[in-house]
Amino acid sequence: MRARRLHAPRTHAPRTHAPRMHLAYTSHTPCIHHARAADLPGIEIAEEEQASLTAALLTFSCVPLYLEPELHKTFYFGFCRAFLWPTFHNVIKARCFSQKVWRAYCTVNRRLADKVIEIYNSGDVVWVHDYHLLLLPSYILRKLRTTRVGLFLHIPFPSSEIFRTISVRDELLRGMLNADLLGFHIFEYARHFLTCCKRLLGLDYEFQQGGYIGVRDHKRNVMVQVSHMGIEPSVLLEAHRSGLGSLTTGWEWWNEIVRSREVVGSLTPQGYLRRGTEGKKVILSIDEMERLKGTALRLLAFEMLLQKEPELRAKLVFVQINLKTRNYTPADDAAYDEVRAEILEIKARVDDAFPGCLHFLELPTLQLAQRMQLWAQADVMVFSPIREGFNPLPLEG
């Protein structure tokens, strides 16, 4: 089961007095509860509106937890995004750690545990989502000793050499091991977790009947399972069909993009993609403007291909489209500008050496039906992130 995203209405309450809704505790059946972080950039909920919003969310079986703006900022941007997220992607950011951000992480996990306990019924199952809440199983089990808790990690788990650089590594590992079932996307990430348990905590593991791995933690076995995720062909086909009725639906900003590139006349996105590519194979890549998506390395690889295989210069066109990240905030400006500058530098070099072989577009966003229209026009679609847990881009509407 999957927790639904929460979309709260915008409010015009003053920013200085409006507590921000950051976390949501969701329940999809009477006996299975999902706990996850749900960051809503730019949305602040005035105190007088919290009661009505809470009541509205109950119709979706969701119970929100409201955080003060400063606590939310320290927890999410200070610890989760600035420190834990890059470390779990094998990028060490030791300078981003401090006792302040760690205390905020502990506080939010503890407060969400209190919310879970408040609405828990005997026999319920608690399902925890992602790296924001690695301590949550521990806080829950301190008061609900017999609760069944699952934890699924939606991002990679780092190697033991990287994980050991985290000063609170034991606390994070122990928090995860207090769950009854741990889920990872691929075996590589599960193997890294098992290695950390062995090297850092001295815990053994073995394969169990039923297709899972058991970590022996004192007198209990913690189940570790690998769960792959794939696409839904029927959803993608329907999105493609829905976009064929009007090729310009939802592209109100497109003419501005085209005019900024000195293209004469009105041109659909599909027309732009195929413009000047007659008789050539079109390689298309759509990514967020984020370093770990590997855009710069991809363009370097294409440049090297053209250098080593001159006959392909007249046969290939690479179209790279970059979007702003889903959780983009002003705090990401420095990294965004750095990645963008690197990409533009490579593009300028490729344009000088191989004119017309590389097209680069920056767009604000692309809905699923719009991406389907573009992908349908390409001959090759490329996704080559440096490191990633789960890429939702082909699935998100």
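Refer to the structure printed above.
Residues numbered from 1 in each chain as written. Predicted model: local features only at pLDDT ≥ 70, side-chain atom pairs only at ≥ 80, totals over all residues. Heavy atoms only, no water.

Caption draft 1: Region of interest: the sheet that holds strand 11 (residues 316–323). In space, the four strands of this open sheet follow the order 12-11-10-13, with parallel pairing throughout. Because the sheet does not close on itself, it has two edges, and the strands there are strand 12 (358–363) and strand 13 (380–381). Here strand 10 (residues 281–288) runs beside strand 13; their pairing, made up of two bridges, is parallel. Residue pairing for strand 13: Leu-284 is matched across the bridge by Met-381. In the packing of helix 11 (residues 295–308) onto the sheet, contacts are made with strand 10, strand 11 and strand 12, and the angle to strand 11 comes to roughly 170°. (Pairing = 2+ DSSP bridges. Helix = DSSP H or I, 4+ residues; strand = E, 2+ residues; numbered from the N terminus. Contact = heavy atoms within 4.5 Å. Axes fitted to C-alpha atoms, helices over the stretch in contact; angles between N-to-C directions.)

Caption draft 2: Spatial organisation of helix 2 (residues 69–88). Maximal helix bending in helix 2 amounts to about 40°, located at Cys-80. Most of helix 2 is tucked away: 14 of the 20 residues are buried. Looking at the residues trailing helix 2, positive phi occurs at Asn-90, about 65°. (Bend = angle between axes of the 7 residues up to and from the residue. Buried < 20%, exposed > 50% of the residue type's maximum accessible area, 1.4 Å probe, protein only.)

Caption draft 3: Spatial organisation of the pairing of strand 8 (residues 212–217). For strand 8, the buried fraction is high: five of the six residues fall into the buried class. Where strand 7 (residues 205–208) lies against strand 8, four bridges are found, and the strand directions are antiparallel. Within the sheet, the bridge partner assigned to Gln-208 lies in strand 8 and is Tyr-212. Hairpin remark: strand 7 followed by strand 8, antiparallel, with three residues in the connecting loop; positive phi at Gly-210, about 105°. In this sheet, strand 9 (residues 220–226) lies alongside strand 8 in antiparallel orientation, the contact comprising five bridges. Note on strand 9: the bridge partner recorded for Asp-217 is Arg-220. Linkage of strand 8 to strand 9, two consecutive antiparallel strands, is achieved through a turn of two residues, within which His-218 is found at a positive phi near 60°.

Caption draft 4: Just the side chain of Asp-130, in detail. Tracing the backbone through its elements, the reader meets Asp-130 in the loop between strand 4 (125–129) and helix 4 (136–143). A relative accessible area of 11% means that Asp-130 is categorised as buried. If we skip the residues at most four places from it in the chain, Asp-130 touches Leu-151, Phe-152, Leu-153, His-154 and Ile-155.

Caption draft 5: Representation of the packing of helix 3 (residues 99–119) against helix 4 within the structure. Orientation of helix 3 relative to helix 4, taken along the N-to-C sense of each, is 45°, at an axis distance of 8 Å. Between helix 3 and helix 4, the crossing angle belongs to the class labelled oblique. When the axes of helix 3 and helix 4 are compared, the crossing they make is right-handed. Contacts between helix 3 and helix 4 involve Cys-106, Asn-109, Arg-110, Leu-112, Ala-113, Asp-114, Val-116 and Ile-117 from the former and Leu-136, Tyr-139, Ile-140 and Lys-143 from the latter. (Parallel < 35°, antiparallel > 145°, perpendicular 65-115°, else oblique. Left-handed = near helix turned anticlockwise from the far one by under 90°.)

Caption draft 6: Structural context of the packing of helix 2 against helix 3. Contact geometry of helix 2 with helix 3 gives a least axis separation of 8 Å together with a crossing angle of 110°. In terms of axis orientation, helix 2 runs roughly perpendicular to helix 3. Relative to helix 3, the crossing made by helix 2 is left-handed. Every residue of helix 3 that contacts helix 2 at Glu-70, Leu-71, Thr-74, Phe-75, Gly-78, Phe-79, Cys-80 and Leu-84 is listed here: Lys-100, Val-101, Trp-102, Ala-104, Tyr-105, Thr-107, Val-108, Asn-109 and Arg-111. The residue makeup of the contact of helix 2 with helix 3, split by class, is ten nonpolar, four polar and three charged. (Nonpolar A, V, L, I, M, F, W, Y, C, P; charged D, E, K, R; others polar.)

Caption draft 7: Up close: the environment of Ala-94. Along the chain, Ala-94 turns up in the loop between helix 2 and helix 3. Between the C-alpha atoms of Ala-94 and Thr-165, which are 71 residues apart in sequence, the distance is 7.8 Å.

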